[in-house]
Amino acid sequence: MSKLNHDVLYEIFQNLQDLINMTCTNDPDNLNKMINYKEFLRSQFSCLLVNKNWCEVMIPFLWSNPFEYAYKTHIKSSLFKIIISHLSDNSIKLLKDENIIETNFQKLKLSFNYVRFCKYLNDIHYICTKRLLEEEVYKFFISECSSIKSLNSKMLLYYPILKYPGANISLSNLYELYSITYDQDFYYGLAQICKSIEKLHVVIDYEESPGVVKLIEMQTQIKYVFLDGYYECKKIIQALEKHVNLIIHLEMAQYTSSIHFLIPKLINLRYLKVVDYYYNCTLKKYVIYLNHHNLQVLDLHRISLDIAINIIKSTNGNLWKIRIGYTHQYYDKAKEYNQTIHKYCPNIKYVTVFLNEGGTLEELEKIFIKCQHLEAIYIYKKINYKYIDKFLNLLLESAPLTLCKIHICNISDCFSSNESLKLFLIDWGHHKGKKTLHLYSSDTGINRDIVHKYDIKDFWNYYISW
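- For the protein, the name recorded in an unreviewed UniProt entry is F-box domain-containing protein, with Rhizophagus irregularis as its organism.

Below you can see the structure in the form of structure tokens.
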């Protein structure tokens, strides 16, 4: 193995890295089932010590995103010294004259031009804390990096990076962009350099954004879109419509009416997250036209439950995660919603359910029977006290063997004492094949000794780890 040639080693590590990244993007909850990322990182470091050939192969991978752990003090100090040692003597002198680095600073003897391999600069602010230092470092990175994949938002706000030497090369393969600057000329300039952005974060701070529109129009591979801002900016939405066959991921931090016309056209969408702080009901009349057969993840906040029901009905059984945040007018739709889950979501793993209205418990039982891949349930609001005993019995008798995470708002109401909780956990453990149960709640009325004794992890974590 240690004698494999350079190209073969590179292909092996590249494919492994791509597999890790793909898993993080498509199904982050399954990452630990496949491989522990920290263990993977440690194994990469150990590869440096095999021989010179392995070391030369691994350096580009380790330095593709060196700032990911730069918040740790010991890593931050080492990275700072290495990066500063790359700078020219004139830059070092300037930084010393401005008292940004110590006057007795001596450049390290470097075995590689490490900066050349950097692709992700998002956390570089952990290393560079002063404007002049940042500017010198950014200039150097832009001139040396062969292919920057993601831009730090501070770079866009404070520095004319397109004017730095080498920008037309280092930014030509940009993968991810946070459009946070008001300077529309920047986007016009970037549109001439970069055509392959896949992840686009758009902050719509005012209605006219012609540079952003032009940049979107010039792209050929947009797949992931994150929209934020109160303004409509219909031109941005119209520009995104040119990519409807490619977009597989859409998140909206603020909901605007112009989005109505975009969502039904995203026929290949896999991930949809919508937040509507103003309960904009105009979306309702558009969901009947949805045809999202490929949708896998649905995350809705402040959206009426009937809209969620209609979206779920427009899918084709591929949904594995449904999360409902704060919603209104759910009382008369709770039973129908639970019913929709077991009818249209046979592959569901993580799901929000309702247990506070008549008929909801019966539909939950059908979910347990028909959804045999279920791993976690998030119970919205408090369980109706009339249903608590039946609910606990249902968990013990009918829950699929895969179920191991349950969020219960009123957990102290479910268990009248620590003793009753203990008995429930003992009964759970007696069922052959059931996984260790992880309970989640904002309720702190249960004794911690019970938590530790029965391995109930993250007991006071309000949210299930979605």
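The discussion continues.
A few points about helix H14 (residues 305-313)
Thought 1: With seven of nine residues buried, H14 lies mostly within the body of the structure.
Thought 2: Regarding H14, the residues found buried are Leu305, Asp306, Ile307, Ala308, Ile309, Ile311 and Ile312.

Structural notes on the pattern of salt bridges
Thought 1: One pass over the structure, following the stated rule, counts nine salt bridges.
Thought 2: Linking aspartate 97 and lysine 93 is a salt bridge whose minimum nitrogen-to-oxygen distance equals 2.9 Å. In this pair, aspartate 97 and lysine 93 both sit in helix H6 (residues 89-97), four residues apart, roughly one turn of the helix.
Thought 3: A residue is classified by how much of its surface remains accessible, and aspartate 97, at 48% relative accessible area, is partly exposed.
Thought 4: A salt bridge links glutamate 198 to lysine 223, with the nearest nitrogen and oxygen atoms 4.0 Å apart. Highlighted residues: glutamate 198 in the loop between helix H10 (184-193) and strand S2 (199-203) and lysine 223 in the loop between helix H11 (210-218) and strand S3 (224-228), separated in sequence by 25 residues.

Thoughts on the packing of helix H15 (residues 334-344) against helix H16 (residues 360-370)
The relative placement of two packed helices is expressed as an angle between their axes plus a distance between the axes.
Thought 1: The geometry of H15 relative to H16 is characterised by a closest axis approach of 8 Å and an angle of 10° between their N-to-C directions. With respect to their mutual orientation, H15 and H16 come out roughly parallel. Residue-level contacts link Ala334, Lys335, Asn338, Gln339, Ile341 and His342 of H15 to Thr360, Glu363, Lys366, Ile367 and Lys370 of H16.
Thought 2: Partitioning the contact of H15 with H16 into residue classes produces three nonpolar, four polar and four charged.

Some remarks on the pairing of strand S9 (residues 376-380)
Look at any regular strand and the pattern is simple: side chains alternate between the two faces of the sheet.
Thought 1: The element S9 is largely enclosed, with a buried count of five among its five residues.
Thought 2: Residue alternation in S9 divides its side chains into two sets, Ala376, Tyr378 and Tyr380 and Ile377 and Ile379, and both sets are buried.
Thought 3: You can see the chain leave strand S8 (residues 350-354), run along H16 and come back into S9, and the turn it takes is right-handed.
Thought 4: In this sheet, strand S10 (residues 405-407) lies alongside S9 in parallel orientation, the contact comprising three bridges. What sits directly across from tyrosine 378, in S10, is histidine 407.
Thought 5: Crossover connection from S9 via helix H17 (residues 388-398) to parallel S10: handedness right-handed.

Cut-off values and rules
- Residues numbered from 1 in each chain as written.
- Predicted model: local features only at pLDDT ≥ 70, side-chain atom pairs only at ≥ 80, totals over all residues.
- Heavy atoms only, no water.
- Buried < 20%, exposed > 50% of the residue type's maximum accessible area, 1.4 Å probe, protein only.
- Helix = DSSP H or I, 4+ residues; strand = E, 2+ residues; numbered from the N terminus.
- Salt bridge = Lys/Arg side-chain N within 4 Å of Asp/Glu carboxyl O.
- Axes fitted to C-alpha atoms, helices over the stretch in contact; angles between N-to-C directions.
- Parallel < 35°, antiparallel > 145°, perpendicular 65-115°, else oblique.
- Contact = heavy atoms within 4.5 Å.
- Nonpolar A, V, L, I, M, F, W, Y, C, P; charged D, E, K, R; others polar.
- Right-handed = clockwise from strand over helix to strand, strands pointing away.
- Pairing = 2+ DSSP bridges.

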